[in-house]
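Here are the chains, one letter per residue:
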Amino acid sequence: MKSGVKRLLGRAGFDIVRSTNNLGGIDDFIPFEATVRAARAAGLSVGDYIDEVMNGTPGATQSTIDELSALGVFAANPNTVLEIGPGSGRYLEKTLKECSPDRYEIYETAAPWANYLVDTFGVVAQPTAGSSLAPTPDGSIDLVQAHKVFNTVTFLCASRYFFEMARVTRPGGRIVFDVMTETCLDPAAVRAWATQGGAGHDSYPAAMPRRTCVDLFATLGCSLEASFLAPMGVASTEVLVFGKGA
Ligand SMILES: C[S@@+](CC[C@H](N)C(=O)[O-])C[C@H]1O[C@@H](n2cnc3c(N)ncnc32)[C@H](O)[C@@H]1O
């Protein structure tokens, strides 16, 4: 984060959370204590506080969860879920309202948020080293997801995670993540990002071609089942839903 932004946030009483082991993306995430305090004061869950107050997009997380639900992603009641970069847990919290997995693993570089999610939701925080899911065995996860992560990290970090996501998903399982594809990048959107976006972060938003994802996952036995747009920053991101062949 640029030092000017840091200074401003510092003046406002915010501590910046520095991710502890981030290999190649925005290395700061929203401040832990200040966000939790402010959400409590507003009488909102942390996730709803981020959507409604910080981002000014009430219902944004829920609408993605509703789309996934309508696509049947939770219908088989996934017993093992893995999420990369859950951050504040806004998708995690709502996922746990849709299904009751026995095990929910997270890979999160911002240690204060990872600890909070372990304490609040009983998830398992795995050691997070850049773009590896090595502690998770092959074919062990019913639902692998990442939201608003792959548009904040480098191409290499995202693509290394893609291989890992396909590896840990069990045959018949689902992989859900969003990327800022060409579908999200018409000239008006590019202009909006260029003129209003990216404050404080040089690596956000990062684009990823849709076909690259579809073709790569196809070679890994995973086919695209559905996609839809979700709001992100001043424009949008594309959520891709893959199924791994049984
Ligand atoms: C923009 S935030 C999105 C957080 C959350 N998914 C949401 O939508 O509110 C990106 C998250 O990814 C985490 N992150 C960044 N690099 C990561 C990496 N290499 N592995 C795992 N998590 C990472 C950040 O700490 C942060 O929690």
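Residues numbered from 1 in each chain as written. Predicted model: local features only at pLDDT ≥ 70, side-chain atom pairs only at ≥ 80, totals over all residues. Heavy atoms only, no water.

## Quick look at the site of the ligand
Taken together, 22 residues form the shell around the ligand, and within it R90, E108, G130, H147 and Y161 come nearest. Between the ligand and R90, the relevant distance is 2.6 Å, taken from an oxygen atom to a side-chain nitrogen or oxygen of the residue. At a separation of 3.2 Å, a nitrogen atom of the ligand approaches a polar side-chain atom of T109. Calculation on the ligand without its partners gives an accessible area of 590 Å², and the protein chains cover 95% of this total. Only α5 (90-98) and α7 (155-168) provide two or more residues apiece to the shell around the ligand. (Near = heavy atom within 4 Å. Polar contact = N/O pair within 3.5 Å; in protein donor to acceptor, adjacent residues only side chain to side chain. Areas by Shrake-Rupley, 256 points an atom, 1.4 Å probe, with all protein chains shown as cover. Helix = DSSP H or I, 4+ residues; strand = E, 2+ residues; numbered from the N terminus.)

## Section: the environment of K97
Tracing the sequence through the fold places K97 in helix α5. Separated by 32 residues in sequence, K97 and I65 place their C-alpha atoms 9.9 Å apart.

## Overview of the packing of aromatic side chains
Applying the stated criterion to the full structure yields 12 aromatic pairs. Relative to Y116, the ring of W113 lies with its centre 5.6 Å away and its plane at 85 degrees, an arrangement referred to as edge-to-face. Taken together, the residues W113 and Y116, both in helix α6 (residues 111-121) and three residues apart, mark about one turn of the helix. The residues W113 and Y116 share a single accessibility class, namely buried. Both rings, one in W193 and one in Y204, keep their centres 5.7 Å apart while their planes meet at 90 degrees; by these two values the pair is edge-to-face. Of this pair, W193 sits in helix α8 (residues 187-196) while Y204 sits in the loop between α8 and α9 (210-219), placing them 11 residues apart in sequence. Here the aromatic residues F150, Y161, F162, F177, F217 and F242 are joined through ring pairs into a cluster of three or more. (Phe/Tyr/Trp six-rings, centres within 6.5 Å; stacked < 30°, edge-to-face > 60°. Buried < 20%, exposed > 50% of the residue type's maximum accessible area, 1.4 Å probe, protein only.)

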